[in-house]
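Residue strings, one per chain:
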Amino acid sequence: MKTLVAFFSHAGENYFDGGYKNLKVGNAKVIADKVQKFTGADEFEIETIKKYPIGYKACCDEAMREKKSNELPELKIDLPTDEYDHIILVYPCWWGTMPQAVFSFLSLHNFSNKTISPICTHEGSGMGSSESDLKRVCSKSTITRGLAIQGSLAQTSDAAIKSWLKQNGLL
Ligand SMILES: Cc1cc2nc3c(=O)[nH]c(=O)nc-3n(C[C@H](O)[C@H](O)[C@H](O)COP(=O)(O)O)c2cc1C
């Protein structure tokens, strides 16, 4: 079985532990890097050609505009994914679900008969509707129970990640 860790993450100003913090490395990237280290899987960053604003409010406004218009932002590079059987998808919760960039990534690939295990970083919404949205857009994939990690606890989440990886047969 071959596993891919695919992640989207936004560095810059973010809502963090009840306040705002300028993150040099986004929370979802912190988690994806840990998952990569624990599993030895390949890692791929989902990056858009356009840059999202660094400021929290401006980024939220842009994300809402994209969500409302169901825009699928163009990705910088794509990755052939045929060889992977299991995709660990890591992303921040944006407006209650996956960022539109993640929907872009999913729209470019056929993950039928493959397994997708989602991890969502958030500041209160947990997985939001991202698991049901994943089931809707990847209806022929097996979607396992997700793992929600509060972004401000990303650095100290090793035990939770390892336990979830074990439950999903990834460790
Ligand atoms: C555009 C945007 C929308 C967000 N929407 C939500 C939300 O609906 N629910 C929530 O709990 N957190 C929300 N957040 C907070 C992020 O999910 C959280 O800070 C996450 O850990 C960020 O991960 P990152 O640093 O990898 O981007 C939002 C953040 C941004 C930038």
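For the structure, check the block above.
Residues numbered from 1 in each chain as written. Predicted model: local features only at pLDDT ≥ 70, side-chain atom pairs only at ≥ 80, totals over all residues.

J.: Lay out the overall build of the protein chain with the relevant residues and their values.
T.: Secondary structure summary: the protein chain contains five helices and eight strands in total. At 15 Å, the protein chain has a C-alpha radius of gyration in line with the 16 Å of a compact globule built from 171 residues. Its C-alpha atoms give the protein chain principal-axis dimensions of roughly 40 × 35 × 25 Å. The 171 residues of the protein chain split such that 37% are buried. Partitioning the contacts of the protein chain with sequence separation of at least 6, the portion at a separation of at least 24 is 78%. (Helix = DSSP H or I, 4+ residues; strand = E, 2+ residues; numbered from the N terminus. Rg over C-alpha atoms; globule rule 2.2 N^0.38 Å. Buried ≥ 20, exposed ≤ 12 C-beta atoms within 10 Å, placed from the backbone. Contact = placed C-beta atoms within 7 Å.)

J.: Lay out the nonpolar core in plain terms, naming residues and giving numbers.
T.: Counting residues in each nonpolar core, the largest one holds 40 residues, and the members touching the most others are Val5, Phe7, Ile31, Val90, Tyr91 and Val102. Put simply, the parts of the chain that give this core at least two residues each are strand 1 (3-7), helix 1 (27-39), strand 5 (86-92), helix 3 (100-107), strand 6 (115-122), strand 8 (147-150) and helix 5 (158-167). When sequence neighbours within four positions are dropped, the list of residues in contact with Phe7 reads Ala28, Lys29, Ala32, Glu45, Ile46, Val90 and Tyr91. (Core = buried A, V, L, I, M, F, W, Y, C linked by C-beta atoms within 7 Å.)

J.: Now, about unusual backbone geometry: what can you tell me, with residues and values included?
T.: A positive phi angle, near 50°, is found at Asn70, a position not held by glycine. Among the structural elements, Asn70 can be located in the loop between helix 2 (56-68) and strand 5. In this structure, Trp95 takes a positive phi of about 50° despite not being glycine. Looking at where Trp95 falls in the secondary structure, it is placed in the loop between strand 5 and helix 3. Given 16 C-beta atoms within a 10 Å radius, Trp95 is considered partly exposed.

J.: Describe helix 3, listing the residues and the values that go with them.
T.: In an α-helix, one turn spans 3.6 residues, which is why side chains three or four residues apart end up on the same side. Most of helix 3 is tucked away, with seven of its eight residues classed as buried. The complete set of buried residues in helix 3 reads Gln100, Ala101, Val102, Phe103, Ser104, Phe105 and Leu106. In this fold, the buried residues of helix 3 make contact with strand 1, helix 2, strand 5 and helix 4 (130-137).

J.: Go over the environment of Tyr15, please, and point to the residues and values.
T.: With respect to the element layout, Tyr15 can be found in strand 2 (residues 12-16). Of the residues examined, Tyr15 has 17 C-beta atoms within 10 Å and is grouped as partly exposed. Those residues in contact with Tyr15, other than ones at most four positions away along the chain, are Tyr20, Tyr56 and Glu123.

J.: A description of the packing of helix 1 against helix 5 should follow, citing residues and the corresponding values.
T.: Running from amino to carboxyl end, helix 1 crosses helix 5 at an angle of 55°, the nearest separation of the two axes being 11 Å. Regarding the angle of helix 1 to helix 5, the classification is oblique. Along this stretch, helix 1 crosses helix 5, giving a crossing that reads as right-handed. Between helix 1, through Ile31, Lys34, Val35, Phe38 and Thr39, and helix 5, the contact on the second element is made entirely by Asp158, Ile161, Lys162 and Leu165. Residues belonging to the contact of helix 1 with helix 5 are distributed by class as follows: five nonpolar, one polar and three charged. (Axes fitted to C-alpha atoms, helices over the stretch in contact; angles between N-to-C directions. Parallel < 35°, antiparallel > 145°, perpendicular 65-115°, else oblique. Left-handed = near helix turned anticlockwise from the far one by under 90°. Nonpolar A, V, L, I, M, F, W, Y, C, P; charged D, E, K, R; others polar.)

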